[in-house]
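In case you want the letters, here they are:
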Amino acid sequence: MSPRHPAPLRSAPEKTSGDVALVLGAGGARGLSQIPVLEALDELGLKPAVISGCSVGAIIGAAYAAGLSGAALREHVLASFRDPPRVVAKLLDARVGKLADLVRGLGNPVLIDGERLLDLFWPEAVPDRFDELAIPFSATAADYHRHVEVTLSEGPLTPAVAASLAIPGLVRPVALAGHVLIDGGAINPLPYERLLAPGRTVLAIDVSAPPVATSDGRVPGAMEAIVGASQILTRTLVQRMVERRPPDILIRSGLDGIGGLDFFKAKAILAAAEPIKDEVKRALERALAATG
């Protein structure tokens with residue numbers, strides 16, 4: 001893997017709970033609002049027994065499972081998106097094709113290689129393999145041909161997370177372990193159900209985008225429409241899952257007016273999500289008291 005910027009690891013927590021599972025959902029840039037949730041866990045001195053993530057939730061979840069603190073992830077994200085020209089240069093470097101390919105009919109010139117993207121943006125402390133993580137972690141992807149959910153929890157970490165975030169039309173599908181995998185948000189954007197168990201508290205963070213109250217009639221651009229369609233699917237699937245069988249704690253941390261591609265609004269997203277920390281702390285304290 002190419003060098004990444006180092007980030008400090010989380011200090012040892014005062015309390016490790018074998019009863020808490022953390023689930024981080026899909027939602028593009030809205031997923032950055034999950035970082036204050038991690039900070040709340042750190043402030044409580046609580047280390048999840050297991051972490052599950054989908055798409056952007058897999059990116060953040062893997063980094064947290066590697067031992068990075070929520071504060072370190074906040075610092076890394078703000079530093080990463082502070083220089084837009086540098087970010088654009090990295091994205092161009094992670095492309096699969098070239099603009100000339102479009103003219104020659106050879107493919108999508110803006111398609112991103114997810115593994116290269118992670119190499120460019122992940123903190124250095126994120127390891128190469130699942131078994132090197134400090135906390136057990138799994139990433140959720142969708143099998144393109146078989147139309148089934150695939151849970152990835154062993155072997156190389158980078159291709160697994162790249163598969164989980166492979167939004168069709170934006171990020172190249174990943175061939176892994178006999179599967180052709182795409183964005184897990186296509187089938188299970190908040191993968192908490194398999195973690196539900198007696199005596200365990202499942203904390204699930206939903207960052208899917210709610211519908212707007214009124215339409216301004218604006219027609220989205222091509223890339224915005226791709227991500228927007230993914231957001232609609234994500235919200236619909238999460239709503240149905242929660243209605244069928246909710247997690248023990250559901251926190252909705254996505255923010256109004258933030259789109260899936262608004263990563264350059266990282267500072268505003270994190271600031272607006274700050275009140276989530278108290279909500280998470282209160283919910284966990286109630287849940288753990290009830291199960292204790």
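Shown above is the structure to which this text applies.
Residues numbered from 1 in each chain as written. Predicted model: local features only at pLDDT ≥ 70, side-chain atom pairs only at ≥ 80, totals over all residues. Heavy atoms only, no water.

## Remarks on the environment of P159
For clarity, the cut-off: A run of H or I in DSSP becomes a helix once it reaches four residues, and a run of E becomes a strand once it reaches two; helices and strands are each numbered from the N terminus. Only heavy atoms matter for contacts: two residues are in contact if any of them lie within 4.5 Å across the pair.
For P159, the location among the structural elements is in helix α7 (residues 157-164). Distance from P159 to A175, taken between C-alpha atoms, is 8.6 Å for residues 16 residues apart in sequence. Each residue touching P159, except ones within four places of it in the same chain, is listed here: E115, V174 and L176.

## Side note on the packing of helix α2 (residues 56-65) against α7
Worth spelling out the cut-off: Helix axes are fitted to C-alpha atoms over the stretch in contact, other axes to C-alpha atoms as well, and angles between N-to-C directions run from 0 to 180 degrees. An angle below 35 degrees is read as roughly parallel, one above 145 as roughly antiparallel, one from 65 to 115 as roughly perpendicular, and any other as oblique. Crossing handedness is defined as follows: a turn of the near helix away from the far one that is anticlockwise and smaller than a right angle gives a left-handed crossing, while the clockwise case is right-handed.
Contact geometry for α2 and α7: axes closest at 7 Å, N-to-C directions at 150°. Taken together, the axis directions place α2 and α7 in an arrangement best described as roughly antiparallel. Taken as a pair, α2 and α7 cross one another with a handedness that is right-handed. In this structure, α2 contributes A58, I59 and A62 to the contact, and α7 contributes L157, V161 and S164.

## Brief notes about the environment of G259
Tracing the backbone through its elements, the reader meets G259 in the loop between β10 (249-252) and α9 (266-272). When the C-alpha positions of G259 and R30 are compared, they lie 6.7 Å apart, and in sequence the two are 229 residues distant. When neighbours within four sequence positions are excluded, G259 is seen to be in contact with A29 and R30.

## Things to note about the packing of aromatic side chains
The test is simple: The aromatic pairing rule takes the rings of Phe, Tyr and Trp, using the six-membered ring of Trp, and pairs them if the centres are within 6.5 Å, calling planes under 30 degrees apart stacked, those over 60 edge-to-face and the rest tilted. Note on criteria: charge over ring means Lys NZ or Arg CZ within 6 Å of the ring centre, with the direction from the centre no more than 35 degrees off the ring normal.
This structure, assessed with the given rule, holds 4 aromatic pairs. Considering the side-chain rings of F81 and F263, the 5.6 Å spacing of their centres and the 20° angle between planes classify their relative orientation as stacked. Of the two residues, F81 sits in the loop between α3 (70-80) and α4 (84-93) while F263 sits in the loop between β10 and α9, which places them 182 residues apart along the sequence. Taken together through their ring pairs, the aromatic side chains of F81, F121, F263 and F264 make up a single cluster. Between K90 and the ring centre of F121, over which it is positioned, the NZ or CZ distance is 5.0 Å.

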